[in-house]
Amino acid sequence: MKKRVAFITALIMVLCVVLSACGSTTPKTPEKEPVTKEALIGGYKNKAEQSASGSYTLAMDAKISVNAMGQSQNIEMTSEMKVEATKEAAHISGTAATTINGQTEKGNMDIYSIKSGDGFDVYTNTDGTWNKSRAVVNVDGNVQAVLSMQDVSSMTMTETDNDYIVEGKVALAEVFEALKNYLGGFDEMDGLGFDLESMDLKGVAPAKVTYHFSKETQEPAGVEIDMADCMNSLMQQLIKQAAGLGQQIGGDSGLNIDLSAFMKMEAERFTISLKDIVFDNEIKIDLPEAARNASDGSSDNGEATAMVDHYVEEMKISLPDTFEEKDVEGYTKAFFDNYTAVLVLREDKADLENYAGNMEEYLQLVMKANESKGVEAPEYENGRPAFEYEGVSNNITYRYYTTLYESDEAFWIVQFACIKQGYDIFKPLYVQFADTVVFAH
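Residues numbered from 1 in each chain as written. Predicted model: local features only at pLDDT ≥ 70, side-chain atom pairs only at ≥ 80, totals over all residues. Heavy atoms only, no water.

Enquirer: Which residues make up the overall build of the protein chain, and what values do they have?
Expert: Helix and strand counts for the protein chain come out as seven helices and 22 strands. Residues counted as buried form 47% of the 441 residues belonging to the protein chain. Of all intrachain contacts in the protein chain linking residues separated by at least 6 positions in sequence, the fraction that spans at least 24 positions is 61%. When the accessible surface of the protein chain is totalled, it reaches about 21800 Å², and 46% of it is carbon and sulfur. (Helix = DSSP H or I, 4+ residues; strand = E, 2+ residues; numbered from the N terminus. Buried < 20%, exposed > 50% of the residue type's maximum accessible area, 1.4 Å probe, protein only. Contact = heavy atoms within 4.5 Å. Areas by Shrake-Rupley, 256 points an atom, 1.4 Å probe, with all protein chains shown as cover.)

Here it is, written out as structure tokens:
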């Protein structure tokens, strides 16, 4: 979805700036004074906090292996981009390449991010066509000040013939805590299905940062960020959340679905490097005339496309092609994507003849069985009875949209479940999916 992709792009931009403390110059130390890591990093911080604009060349080199539901992929990403940034705008241009299982796709990148109100309008040029989206990122204050989180006393300093090298680490938990002031909270990331606030980010490995300073000028010559361990720890946390979802959706049936067994991700390398760092150079960023008429994707409401029909006995339901069909004990069928579980239960009318002879009686039977979950009177969505409730597992709250159906020979329950923070975004989709259910007679 374009809005979420735009937000992730903006977040990556901010993280790159934060973790690298990109751009600053340090006043040259008098010859008689010893050059120390405190002087180099301290000058770096002061200049970064005061800088109104800057530019640098950013390169990324990453390789990630993914194994999901028995399917393996090796993903390699490389890019080199020229970045110009002020407090009001940013321009990124360059090339990027992605290789998946030996197949490489290359492309040019040209992105303008222009501050507007409490966020940014993001203009992206893809194959000569401009598209516009919205990134809700608040840049009040100076994100560069996050550098102050680094403990200089724990950093190390070495030197070569030409450079001073200062190495340190920055904790991801502290980065996200600081970013709350600039992102206005984690609402957008929650919408992606990941509850960052519930994650133990303090247990995530830190990023390793290496600064190179010129011996001649004591100005930064480059920055290298090794995020491999950091990304591996973060991915383990995300998979742990997915596993929690699988355990919770089993409900009272005692079902325990360990989704972590179906998904493994490992970053073999994930490095970001900066060079050609220049600040306080009166950068002016003007949006090209061609971009001003960009097609607007900001209104993307997440409506589903690329639908696939799935058949469960006499029932048919249409879901996006991101869903995988699974056999799950306790249910007639289940479907999963990265954010949602769809659980289907068919109950023969013959088995319920002493309890429910019609849909209203079956509805009351289901409501009674779920009253401990705080289920209230159902609402009717397009003629279908539906109700919502919440459940907690591993300190994570999940929300459910449940709807009932009747075919000639059976009653049906179809449930849609996701992390609570994403529910308001996904519920309109769940209603759409539920409307696709039909039966063969």
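Enquirer: Any chance you could break down the sheet that holds strand E22 (residues 438–439) for me, citing the residues and the numbers?
Expert: Taken in spatial order, the three strands line up as E13-E14-E22 in an open sheet, and their pairing is antiparallel. For this open sheet the edge positions go to strand E13 (307–312) and E22, each flanked by a neighbour on one side alone. For strand E14 (residues 315–320) and E22, the ladder comprises two bridges, and the chain directions are antiparallel. When the bridges of E22 are listed, Met315 appears paired with Phe439. (Pairing = 2+ DSSP bridges.)

Enquirer: Run through the nonpolar core, naming residues and quoting values.
Expert: Core analysis: the largest hydrophobic core is formed by 35 residues, its most contacted members being Tyr211, Phe213, Val223, Ile225 and Met227. The dominant element in this core, judged by the number of residues it contributes, is strand E11 (residues 263–279), at six residues. Counting 25 residues, the second-largest nonpolar core is a separate cluster that includes Trp412, Val414, Phe416 and Phe439. (Core = buried A, V, L, I, M, F, W, Y, C linked by side-chain atoms within 4.5 Å.)

Enquirer: Explain the confidence of the model for the protein chain to me, using residue names and the numbers behind them.
Expert: Averaged over every residue, the pLDDT of the protein chain is 75; residues scoring 70 or more account for 71%. When pLDDT is averaged over each element of the protein chain, strand E7 (residues 156–159) comes out on top at 94 and helix H4 (residues 187–191) at the bottom at 39. (pLDDT = per-residue confidence, 0-100.)

Enquirer: Please give an account of the packing of aromatic side chains that cites residues and values.
Expert: Summed over all chains, the structure comprises twelve aromatic pairs. Both rings, one in Tyr401 and one in Phe416, keep their centres 6.1 Å apart while their planes meet at 40 degrees; by these two values the pair is tilted. Note that Tyr401 is positioned in strand E20 (residues 396–406) and Phe416 in strand E21 (residues 410–419), a separation of 15 residues in sequence. The pair Tyr401 / Phe416 is uniform in exposure class, with both members buried. Relative to Phe439, the ring of Trp412 lies with its centre 5.4 Å away and its plane at 50 degrees, an arrangement referred to as tilted. Pair noted here: Trp412 is in strand E21 and Phe439 is in strand E22, with a separation of 27 residues, a long-range link. No difference in accessibility class separates Trp412 from Phe439, as the two residues are buried. One aromatic cluster is present, built from ring pairs that chain together Phe323, Tyr401, Phe416, Tyr423, Phe426, Tyr430 and Phe433. One residue, Lys215, lies across the ring of Tyr164, its end atom 5.7 Å from the ring centre. We note Arg399 situated over the ring of Tyr423; from NZ or CZ to the ring centre the distance is 5.2 Å. (Phe/Tyr/Trp six-rings, centres within 6.5 Å; stacked < 30°, edge-to-face > 60°. Lys NZ or Arg CZ within 6 Å of the ring centre and 35° of its normal.)

Enquirer: Residue-level account of helix H2 (residues 37–50), with values.
Expert: The terminal C-alpha atoms of H2, which comprises 14 residues, lie 20 Å apart, in line with the 20 Å expected from a rise of 1.5 Å per residue. Among the residues making up H2, those that are buried are Lys37, Leu40, Ile41, Gly43, Tyr44, Lys45 and Ala48. (Expected span 1.5 Å × (residues − 1).)

Enquirer: Now, about the pattern of salt bridges: what can you tell me, with residues and values included?
Expert: Considering all chains together, one arrives at 16 salt bridges under this definition. Here Glu268 ties to Lys63 by a salt bridge, and the two come within 3.7 Å at their closest N and O atoms. Linking Glu268 in strand E11 with Lys63 in strand E1 (residues 53–68), this pair joins segments that are 205 residues apart in sequence. In this structure, Glu390 and Lys420 form a salt bridge, with 3.7 Å as the shortest nitrogen-oxygen distance. Residue Glu390 is found in strand E19 (residues 384–393), and its partner Lys420 is found in helix H7 (residues 420–435); the two are separated by 30 residues along the sequence. The partly exposed category is assigned to Glu390, whose relative accessible area is 33%. Through salt bridges that share partners, Asp61, Glu76 and Arg269 make up one connected network. (Salt bridge = Lys/Arg side-chain N within 4 Å of Asp/Glu carboxyl O.)

Enquirer: Could you give me a rundown of unusual backbone geometry, with the residues and numbers involved?
Expert: Excluding glycine, most residues fall at negative phi; most peptide bonds, likewise, are trans. Located in the positive-phi region is Gln218, a residue other than glycine, with phi close to 60 degrees. Take Gln218: it is sitting in the loop between strand E9 (207–214) and strand E10 (220–226). Its identity is not glycine, yet Asp276 carries a phi of approximately 55 degrees, on the positive side. Overall, the relative accessible area of 44% leaves Asp276 in the partly exposed class.

Enquirer: So what's going on with helix H6 (residues 359–369)? Residues and values would help.
Expert: Met359, Tyr362, Leu363, Val366 and Met367 are the residues of H6 that are buried. On an axial view of H6, the arc spanned by its buried residues comes to 135 degrees, and they lie on one face. Turned more than 90 degrees from where H6 packs its buried face, Lys368 and Ala369 sit exposed. The backbone nitrogen of Glu360 lies 3.2 Å from a side-chain oxygen of the residue at the head of H6, namely Asn358. (Arc of directions from axis to C-beta. Polar contact = N/O pair within 3.5 Å; in protein donor to acceptor, adjacent residues only side chain to side chain.)

Enquirer: Go over the pairing of strand E17 (residues 341–348), please, and point to the residues and values.
Expert: For strand E16 (residues 333–336) and E17, the ladder comprises four bridges, and the chain directions are antiparallel. Paired with Phe335 across the strands is Val342, a residue of E17. Turn length for the E16-E17 hairpin, with the two strands adjacent in sequence and antiparallel, is four residues. Inspection of the sheet shows E17 paired to E21 by eight bridges, in the antiparallel sense. Across the sheet, residue Arg346 finds its bridge partner in E21, namely Trp412.

Enquirer: Tell me what's going on with the pairing of strand E3 (residues 89–100), and back it up with residues and numbers.
Expert: For a regular strand, side chains alternate in direction, first toward one face of the sheet and then toward the other. Two elements, E3 and strand E4 (residues 103–116), share twelve bridges in a ladder whose sense is antiparallel. Its bridge partner being in E4, Ala97 is matched across the sheet by Lys106. Taken together, E3 and the strand that follows it, E4, pair antiparallel across an intervening segment of two residues, in which Asn101 is found at a positive phi of about 50 degrees.

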